[in-house]
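Summary of the model geometry
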Amino acid sequence: MRKYILRRLLLMIPTLLGVAVIIFLLVRVVPGDIVEMRYAGQGAFVTKDLLEKERARLGLDKPLWRQFLEWMWGILRFDFGSSMWTGAPITHEIAIRFQLSLQLALMATTVAVLLAIPLGTLAALRQDTWVDYVVRVFSIAGLAVPSFWLGILMILTFLLFFGWLPPMVFTPLWKNPWENLSQLIWPALAVGYRYSAVSTRMTRSAMLEVLREDYIRTARAKGLVEKLILTRHALKNAMLPVFTVIGLEFAFLLGGLVVTEQVFNLNGLGLLFVESVSRRDYTLVQALVLLVAFVYVFVNFFVDLLYAWVDPRIRYQ
Amino acid sequence: MALNKPLDAVAEVPGEAYRPGWVRAVVRFSRRRRLGAAGAAIVVLMSLCAISAPLIAPYGPLETDFAAQLRRPNVDHWLGTDAFGRDLLSRLIYGSRTALLVGFTSAFLGATLGALVGVASAYFGGRIDLGIQRIVDIFLSFPIIILALAVVSILGTGVFNVIMAITVPMIPNSSRVVRSSALAVREMPYVDAARAAGFGHRRIIFRHMLPNVMAPYLIMLTAYVGQAILLEASLSFLGLGVQEPTAAWGLMLRGAAVEFAETAPWMAIFPGLAISLGVFAFNLFGDSLRDALDPKLRTL
């Protein structure tokens, strides 16, 4: 087991290195760099000399391999550099938004789990009845309705019928839980509904498979109460693939809520990403993508370990 | 002659007139999978709308009427007008062209290229497989929207660049799913037989393996159309997709729709409904298709 964990951890390195190389090259392929972006906005006459000087200051005049190695060397020392646009350390830029994004991702995941597991189980138990159909339509609709539109509808409803709007400024949970929740619960619902769809379907199909297993028939035959069969025997076994889906979605919720954040006017990692892409803020884009990829790879690894823990039949070599 | 008798008798049962195979398949599919059939019906309707847009749309998609700005739904403009006095219904009808064009093209390209990579990866196995799968791993650890944004910022906006931006993140996804089916196909005796017969790699991959992973391929294709429409809407909503004045659903939700949402809510409601209905129909159809073709396949 220990050997397996070690090997998996080592395998993360090439994946993350690959992500780093790709994003490093991607941002640099985009026409126009940050220096041009900044001075183009000012409209004043700029000499070529000034542009070159600015590039040299940001280290953009060095050869690509050198820039990459310096970036990697920084990461090894936990030094992610500074944002090319604001000049503030990247850790700071990310930290002030991370709290919001993390909380939102956690809340949306909770919404998704609370919807998915009961609904998916119910649909599996009542397969091919109207209950099943309603749940399936509900979850397929969740995949179809854009969460940014759901957000617009929510805001519109509040505005038209209640003359109220969710707070615009983020307040940390411990400072004022009420303010905090009345801002974040709506995006969490809009996004959570969408993400519940995949998990609901996964729960349903996993349950359908498990309910046909021999040990369920044995449990029924020995007269076990249906509730116990469900919770102890069926759900426990059906949850594995659901864990995977939920875990991986969580990783993407952290950095991929680009559009929803826009609608709810949230200053999270998604917005930061869009801003830094349009400003060609190389260092910040690189750091953000690497962060999301890291969380994704790590969650993937964690879920696999969870498998072994939940299901004693799985033993990794 | 005697042997033919029972067969003739079956053919003569009233109401069971001869129908081509695919018609029977369609009838059976719609009887057994009502939801899927409903989805397929909406898809067909949407495609008809897109094809006959100039015939059924009451106004041109770019026709502005500054005397009729922000009109609420009425007899002349069934779904109201936008900030430029453009008829919303007409723009929605023309928008279905953008949605379907982007949806079908990028889903087809993404699923097909992915299937090719997946089958090749499974067929060659060993180091090639390992190498390809590590690259796929790398791409899978980007959120789709972030990868799409990256491609858009390189290529620029506009319909064809958006198609590229949506296709790229689909390839690794589809290759992973198809590969897992292709691994089983590779072990089939007929693949060995083909190799023993001295066929080349290309012929075995295209003629022997690809046709046998059609089920996951078709399922993904339908699911991807819905996802692609949604992604196009998201990109256009961010202002990074299809550009004004082209009629596109996501684009219609941007800017004025939000600005005037309080006074002209129809501008924010109907395009969203169109996106939802379109994606919903494709997903409904894809879902039933999956149940029908491959009940054990869990991925989406």
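Let me begin by describing the structure that accompanies this report. Here the structure is a predicted model, which is why all the values come from computation and not from measurement.

About the criteria used
- Residue positions within a chain follow its written sequence, with the count starting from 1.
- The naming scheme follows written order: chains are lettered A onward, ligands numbered 1 onward.
- Local features in a predicted model are, by the rule used here, given only for residues with pLDDT of at least 70; side-chain atom pairs are given and counted only at 80 or more, and totals for whole chains, interfaces and linings are based on all residues.
- Note that water and hydrogens are dropped before the side-chain values are worked out from all heavy atoms of the structure.
- What counts as a helix is a DSSP run of H or I of at least four residues, what counts as a strand is a run of E of at least two, and both are numbered from the N terminus.
- Relative accessible area decides the class of each residue, using a 1.4 Å probe on protein chains only: under 20% of the type maximum gives buried, over 50% gives exposed, and in between gives partly exposed.
- By the convention used here, residues are in contact when the closest approach between their heavy atoms is within 4.5 Å.
- For the accessible areas, the method is Shrake-Rupley and the probe is 1.4 Å, while residue cover comes only from the protein chains on display.
- Exposure above 30% relative accessible area and no salt bridge define the residues that can form patches, which grow by joining like charges within 9 Å and nonpolar side chains of Val, Leu, Ile, Met, Phe, Trp and Tyr within 5 Å.
- By definition, a salt bridge exists where a carboxyl oxygen of Asp or Glu is found within 4 Å of a side-chain nitrogen of Lys or Arg.
- By the counting rule applied here, Lys and Arg register as positive and Asp and Glu as negative, while His and the ends of each chain are not counted.
- Charge coordinates come from a single atom per side chain, which is NZ of Lys, CZ of Arg, CG of Asp or CD of Glu.
- Buried area adds together the accessible area that both of two parts lose upon being put together, with accessible area traced by a 1.4 Å probe.
- Any N or O atom pair separated by 3.5 Å or less is treated as a polar contact, with the protein-specific requirement of one donor-capable and one acceptor-capable atom, and with residues adjacent in sequence counted only for side-chain atom pairs.
- Here a helix's expected span is defined as the number of its residues, less one, multiplied by 1.5 Å.
- A fitted line through C-alpha atoms serves as each axis, taken over the contacting stretch for helices, and the angle formed by two N-to-C directions is quoted from 0 to 180°.
- Angle categories: roughly parallel below 35 degrees, roughly antiparallel above 145, roughly perpendicular from 65 to 115, and oblique for all the rest.
- Handedness of each helix crossing follows the sense of rotation of the near helix against the far helix: counterclockwise by less than a right angle gives left-handed, clockwise gives right-handed.
- A pair of aromatic rings is counted whenever rings of Phe, Tyr or Trp (Trp by its six-membered ring) have centres within 6.5 Å, and the orientation is called stacked for planes under 30 degrees apart, edge-to-face for over 60 and tilted otherwise.
- Whether a charge lies above a ring is judged from NZ of Lys or CZ of Arg, which has to be within 6 Å of the ring centre and within 35 degrees of the ring normal.

Quick look at the overall build of chain B now. Counting secondary structure elements, chain B contains 14 helices and 0 strands. N-terminal to C-terminal, the α/β element order of chain B is α-α-α-α-α-α-α-α-α-α-α-α-α-α. Expressed as lengths along the three principal axes of its C-alpha atoms, the size of chain B is roughly 75 × 60 × 25 Å. The buried share among the 300 residues of chain B stands at 50%. In chain B, the proportion of contacts linking residues at least 24 apart, taken out of those at least 6 apart, comes to 72%. Roughly 14400 Å² of accessible area belongs to chain B as shown, and the carbon and sulfur atoms make up 66% of that amount.

Another point: a positive patch on the surface. Residues and elements named next belong to chain B. Where like charges cluster on the molecular surface, the positive patch consists of Arg19, Arg24, Arg28, Arg31, Arg32 and Arg34. If you tally residues by element for the positive patch, the top one is helix 2 (residues 21–32), at 4 residues. Among the structural elements, arginine 19 can be located in the loop between helix 1 (4–11) and helix 2.

Here we come to the interface of chain B and chain A. On the side of chain A, 50 residues touch chain B, which itself brings 41 residues to the contact. Taking both sides of the interface into account, the surface hidden between chain B and chain A amounts to around 4000 Å²; carbon and sulfur atoms contribute 77%. At the junction of chain B and chain A, the tally comes to 2 salt bridges. Notably, a salt bridge pairs Arg136(A) with Asp287(B), separated by 3.5 Å at the nearest N-O pair. Linking chain B with chain A are 2 residue pairs in polar contact (both at pLDDT 80 or more), by the criterion used here.

All right, on to helix 6 (residues 126–140) of chain B then. One turn of an α-helix holds 3.6 residues; hence residues three or four places apart share an orientation. With 15 residues, helix 6 of chain B should reach 21 Å at 1.5 Å per residue; the first-to-last C-alpha distance of 21 Å fits that figure. Of the surrounding secondary structure, the elements contacted by the buried residues of helix 6 of chain B are helix 1 (2–29), helix 10 (226–255) and helix 13 (282–310) of chain A together with helix 5 (88–124) and helix 8 (159–186) of chain B.

The residue after Glu244(B), namely Pro245(B), is reached through a cis peptide bond having omega 0 degrees. Relative to the assigned elements, Pro245(B) resides in the loop between helix 11 (214–237) and helix 12 (249–252). The backbone phi angle of Asp128(A) is positive, close to 65 degrees, even though this residue is not glycine. Residue position: Asp128(A) is located in the loop between helix 5 (90–125) and helix 6 (130–144).

Moving on: the pattern of salt bridges. Residue and element names in this part refer to chain A. Overall, the coordinates contain 14 salt bridges over all chains when judged by the stated rule. Residue arginine 204 is joined to aspartate 132 by a salt bridge in which the shortest nitrogen-to-oxygen separation is 2.9 Å. Residue arginine 204 is found in helix 8 (residues 177–211), and its partner aspartate 132 is found in helix 6; the two are separated by 72 residues along the sequence. Here the two residues arginine 204 and aspartate 132 agree in accessibility, since each one is buried.

Between two packed helices, both the angle of their axes relative to each other and the distance between the axes serve to describe the pair. Residues and elements named next belong to chain A. Where helix 10 contacts helix 13, the axes come no closer than 9 Å and their chain directions differ by 165 degrees. As far as their axial angle goes, helix 13 and helix 10 are roughly antiparallel. Of the two elements, helix 10 crosses helix 13, and the hand of that crossing is right-handed. Of the residues in helix 13, those touching helix 10 at Lys236, Leu240, Pro241, Phe243, Thr244, Gly247, Leu248, Ala251, Phe252, Leu254 and Gly255 are Val292, Val295, Tyr296, Val299, Asn300, Val303, Leu306, Tyr307 and Val310.

So, on to the packing of aromatic side chains. Two aromatic rings, taken as a pair, are described by how far apart their centres are and by the angle between their planes. All names here are of chain A. Per the stated rule, a full pass over the model turns up 12 aromatic pairs over all chains. Look at phenylalanine 24 and tryptophan 71: their rings are 6.1 Å apart centre to centre, the planes differ by 15 degrees, and that puts the pair in the stacked class. Of this pair, phenylalanine 24 sits in helix 1 while tryptophan 71 sits in helix 4 (residues 64–76), and the two are 47 residues apart along the sequence. Across the pair, tryptophan 71 and phenylalanine 24 agree in class, each one buried. Each member of the aromatic cluster is reached from another via a ring pair, and the members are Phe24, Phe68 and Trp71. In this structure, arginine 28 packs its charged tip against the face of phenylalanine 24, placed 3.8 Å from the ring centre.

This brings us to the environment of Gly81(A). All names here are of chain A. Here glycine 81 shows up in the loop between helix 4 and helix 5. A sequence separation of 196 residues divides glycine 81 from valine 277, and the C-alpha atoms of the two residues are 17 Å apart. For glycine 81, the residues in contact, after removing those within four places along its chain, are Pro89 and Ile90.

Right, let's get into a nonpolar patch on the surface. Residue and element names in this part refer to chain A. On the surface, a cluster of nonpolar side chains totalling about 370 Å² of accessible area is made up of Leu9, Phe294, Phe298 and Phe302. Looking at which element gives the most residues to the nonpolar patch, the answer is helix 13, with 3 residues. Among the secondary structure elements, leucine 9 is positioned in helix 1.

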